[in-house]
Amino acid sequence: MYIFKCYLLVYWSDIYSIPPTPPPMTTAIDNLNEETQSNSSRSTLLSAATEADRIRNFGYSAETHKVQTKDGYILGIFRITNATVRGHQKPQPIALMMHGLVSSSDAWILGGPADALPFNLADSGYDVWLGNYRGNPYSNRHISLSSNDRRFWQYTLDDVSSKDLPATIDYILQLTHQNSLHYFGHSQGSAIMFALLSTQPKYNQKLKTSHMFAPIAFMSHARSKPIHLAAPLFGTYSNLDAVYGDMPFLQNPLLRKVLGINKCRSPFTHRCLCDFWLNLSLGYSTHIPQSIYSEIFNTHPASCSTHQFIHLVQAYVSGHFRPYDHGIVGNLRRYNQTTPPDYQVANIKPRFPLNLYYSDNDVLSAREDVEHLIRILGKRCLPHFINEKNFAHADFLWSSNVKAVLNNGILRQMNKVEHLLQQENKS
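Residues numbered from 1 in each chain as written. Predicted model: local features only at pLDDT ≥ 70, side-chain atom pairs only at ≥ 80, totals over all residues. Heavy atoms only, no water.

As recorded by an unreviewed UniProt entry, the chain carries the name Lipase and is attributed to Musca domestica.

Undergrad: Kindly report on the pattern of salt bridges, identifying the contributing residues and their values.
TA: Here the structure, examined in full by the defined rule, presents 13 salt bridges. Its salt-bridge partner being R79, residue D127 comes within 2.7 Å of it at the nearest N-O pair. In this pair, D127 sits in strand β4 (residues 127-130) while R79 sits in strand β2 (residues 73-81), placing the two residues 48 residues apart along the sequence. Residue D360 is joined to R367 by a salt bridge in which the shortest nitrogen-to-oxygen separation is 3.2 Å. Three or more residues joined by partner-sharing salt bridges are found here, namely E63, R79 and D127. (Salt bridge = Lys/Arg side-chain N within 4 Å of Asp/Glu carboxyl O. Helix = DSSP H or I, 4+ residues; strand = E, 2+ residues; numbered from the N terminus.)

Undergrad: For the UniProt feature "active site" (unreviewed entry) in the chain, give the residues involved together with the corresponding values.
TA: As annotated in UniProt, the feature "active site" (unreviewed entry) corresponds to S187, D362 and H393 in the numbering used here. A compact arrangement is adopted by the annotated residues: their sequence extent is 207 residues, whereas the largest C-alpha distance between any two is 10.5 Å. Taken from the residues named earlier, the lining of the largest pocket is made up of S187 and H393. With sequence-adjacent residues up to four places away left out, S187 is seen in contact with G100, F213, A214, I216 and H393. By secondary structure assignment, the location of H393 is in the loop between β9 (381-386) and α14 (395-398). On the basis of relative accessible area, H393 is assigned to the buried category, the value being 2%. Excluding residues within four positions of it along the chain, H393 makes contact with H186, S187, A214, L282, D362, L364 and S365. Here S187 takes part through its side chain, which lies 2.9 Å from a polar atom of the side chain of H393. (UniProt positions renumbered as here; feature names shortened; annotations may be inferred. 1 Å grid on protein atoms, 1.4 Å probe; cavity = no way out; pocket = protein on both sides within 12 Å on 5 of 7 lines; lining within 4 Å. Contact = heavy atoms within 4.5 Å. Buried < 20%, exposed > 50% of the residue type's maximum accessible area, 1.4 Å probe, protein only. Polar contact = N/O pair within 3.5 Å; in protein donor to acceptor, adjacent residues only side chain to side chain.)

In structure tokens, the structure reads:
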């Protein structure tokens, strides 16, 4: 009730004020190749135009690369290096990081150079790549379609897993002349890897260690209020799927104004309003520092297809981990059966077990659903239950104690695997 009253207070004040116009998120791709000489601290992070600028502001080297998918989407991906550890004669081991729903590569670095995992990896000598899948501010171009065209948004998680992710992996491995990499996926970033390994098993051999934060596959125990509210309308296929699915999710300016989301872009906004939206969508957390709230809301919610959200709703209602349900006619056309086939998780056979990180207070990646996946994978995964009070969906990225809880252990495991592989190469 307290948070709801705060929302009403801030929303009412918003009606009678004219907030500053925030920088447009949808034009980030236009600045991908611009250089910056800024060495600003976190306080000036919001002035950065792109992920590369933010990385450089933290004192690291950044590169921007473009990857074209086989169906014509142009993906913007970023590379982080630490100049103090670069210069090794041998190639640095690769770490690829993929974001979740309504997010982008920005999400990985908002914790700053001390705590954000990409910087910890770069400091330890890893060649860090931050991916972006189609539709978000860094990947909102196509060789023939405008993002104003509804056809641009006619894609689902299946397209991201079957086209964007393999195109990104293959590009990085070809450029670096390596044959495998370490993978990190948060939320839907884990789901796309599960789907890829299930449908294109050859990618099992392209992975070293894999780290899935708040993993998404089965969702029947999800406690997310938005998913529960959407379930009666989108839990099973209807004509509404095309009406609302063929557009970017949560990007309507009027809706964002009414909901008060844009107010949280200011560092002076009442924290209770921003708490309300984070807790509603991602679960109650006491670990995210208020100092990064404005940075979170200046980069989130990032654009994606509404079909991606509908896919999660379908997973909640069906209890299956499977491709998008296009209705009887669409399913017959695509899958040659009336319902989508389940992803064949039996095909997930990486050389090293998948690491699954989960918690009790995650409203999207429920403990019951993750442990169901763990039972199916068996020895092909290593479960890591985060036994921290009020540790929710976004804490895997932004918690103030994420370095101690996650990052340090992950680095030890990666270094151990790298040492093992080096020994094998010598023998």
